[in-house]
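Structural features, examined
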Amino acid sequence: MDQNVFDDPRITAIGLLYETHAGLSARFAAQFEEHGLSPVEFEVLMRLARSPGHQLRMTDLAAQTSLSTSGVTRVVDRMERDGLLCRRACPSDRRSSYAVVTASGLKRLHETLPGHLRIIEEWFIGQLEPEALAAMLDGLRRVRDAVHPGATAGSAVPAWMEATVDPGD
């Protein structure tokens, strides 16, 4: 008798990934809400805070997130109204603009981060031995790069900023 097609390890692997994502996402969403942020707003703040000059071109921000360019515009509009971000014109391309984290946005991120890190430690990192974590991170990067090649768009320091950004920042 043939093996049950529903017991395929590929289905198990993706199912476990979905279940893990759903469980962590629910914990994160509740914690973000305590700080007046949605999951996508936290992601935008974190992406910008981790980028050179705490900024990304709007198109790069869209490429790094699950948002369309119009979706990024709506989120940035809302976050700009809340004082968490501002826009800055791109000096090398008038058609482009940057989303930039404000001091208020960084403050909100700093307030949110300790609880976020506790959840990561308790429910993710703390569940794995260091070797298993390293192997998983390597595998996730490979898969991410294959399915979402724009995930690191804009991560390099733009040429116009090289003279103004301290690499130690």
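This text follows the structure it describes.
Below is a short write-up of the structure. (Residues numbered from 1 in each chain as written. Predicted model: local features only at pLDDT ≥ 70, side-chain atom pairs only at ≥ 80, totals over all residues. Heavy atoms only, no water.)

1. Notes on the nonpolar core
In this structure, Val44, Leu45, Leu48, Leu61, Val76, Met79 and Leu85 are the most contacted members of the largest nonpolar core, which totals 23 residues. Considering every element that reaches this core, the biggest residue donor is helix 2 (residues 39-49), with 5 residues. Those residues in contact with Val76 that sit more than four places away from it in its chain are Met58, Leu61, Leu85, Arg87 and Ala99. (Core = buried A, V, L, I, M, F, W, Y, C linked by side-chain atoms within 4.5 Å. Buried < 20%, exposed > 50% of the residue type's maximum accessible area, 1.4 Å probe, protein only. Helix = DSSP H or I, 4+ residues; strand = E, 2+ residues; numbered from the N terminus. Contact = heavy atoms within 4.5 Å.)

2. Structural notes on the packing of aromatic side chains
By the definition in use, this model includes 2 aromatic pairs. The interplanar angle of 20 degrees and the centroid separation of 6.1 Å between the aromatic rings of Phe28 and Phe32 together place this pair among those described as stacked. Placement of both Phe28 and Phe32 in helix 1 (residues 9-33) is noted, with a separation of 4 residues, approximately one turn of the helix. Neither residue differs from the other here; Phe28 and Phe32 are each classed as buried. Measuring from ring centre to ring centre gives 4.2 Å for Phe32 and Phe42, while their planes differ by 20 degrees; the resulting arrangement is stacked. Of the two residues, Phe32 sits in helix 1 while Phe42 sits in helix 2, which places them 10 residues apart along the sequence. With respect to class, Phe32 is no different from Phe42; both count as buried. (Phe/Tyr/Trp six-rings, centres within 6.5 Å; stacked < 30°, edge-to-face > 60°.)

3. A closer look at a nonpolar patch on the surface
Taken together, the side chains of Ile14, Leu17, Tyr18, Leu137 and Leu140 make up a nonpolar region of the molecular surface, amounting to roughly 460 Å² of accessible area. The greatest single-element share of the nonpolar patch, amounting to 3 residues, is contributed by helix 1. Mapping Ile14 onto the fold places it in helix 1. (Patch = residues over 30% accessible without salt bridge, like charges linked within 9 Å, V, L, I, M, F, W, Y side chains within 5 Å. Areas by Shrake-Rupley, 256 points an atom, 1.4 Å probe, with all protein chains shown as cover. Salt bridge = Lys/Arg side-chain N within 4 Å of Asp/Glu carboxyl O.)

4. Regarding the layout of surface pockets
One way to see where empty space is left: roll a probe the size of a water molecule over the atoms. There is about 2400 Å³ of room inside the largest pocket. Taken together, 44 residues make up the lining of the largest pocket; nearest its centre are His21, Glu43, Arg47, Leu140 and Arg144. Broken down by secondary-structure element, the contributors of at least two residues to the lining of the largest pocket are helix 1, helix 2, helix 5 (103-123) and helix 6 (130-147). Looking at side-chain class alone, the lining of the largest pocket contains 26 nonpolar, 13 polar and 5 charged residues. (1 Å grid on protein atoms, 1.4 Å probe; cavity = no way out; pocket = protein on both sides within 12 Å on 5 of 7 lines; lining within 4 Å. Points joined across faces, edges and corners; volume = space filled by probe spheres on them. Nonpolar A, V, L, I, M, F, W, Y, C, P; charged D, E, K, R; others polar.)

5. Examining the sheet that holds strand 2 (residues 85-89)
An order of 1-3-2 is seen for the 3 strands of this open sheet, with the pairing classed as antiparallel. Among the strands making up the open sheet, the edge pair consists of strand 1 (55-57) and strand 2. Looking at each pair of strands side by side, their axes are set apart by 30 degrees on average, direction ignored. When strand 1 meets strand 3 (residues 97-101), the two strands line up antiparallel, connected through 3 bridges. In the strand pairing of strand 3, Gln55 is matched with Val100. (Pairing = 2+ DSSP bridges. Axes fitted to C-alpha atoms, helices over the stretch in contact; angles between N-to-C directions.)

Function cannot be read off these values alone, since they describe shape.
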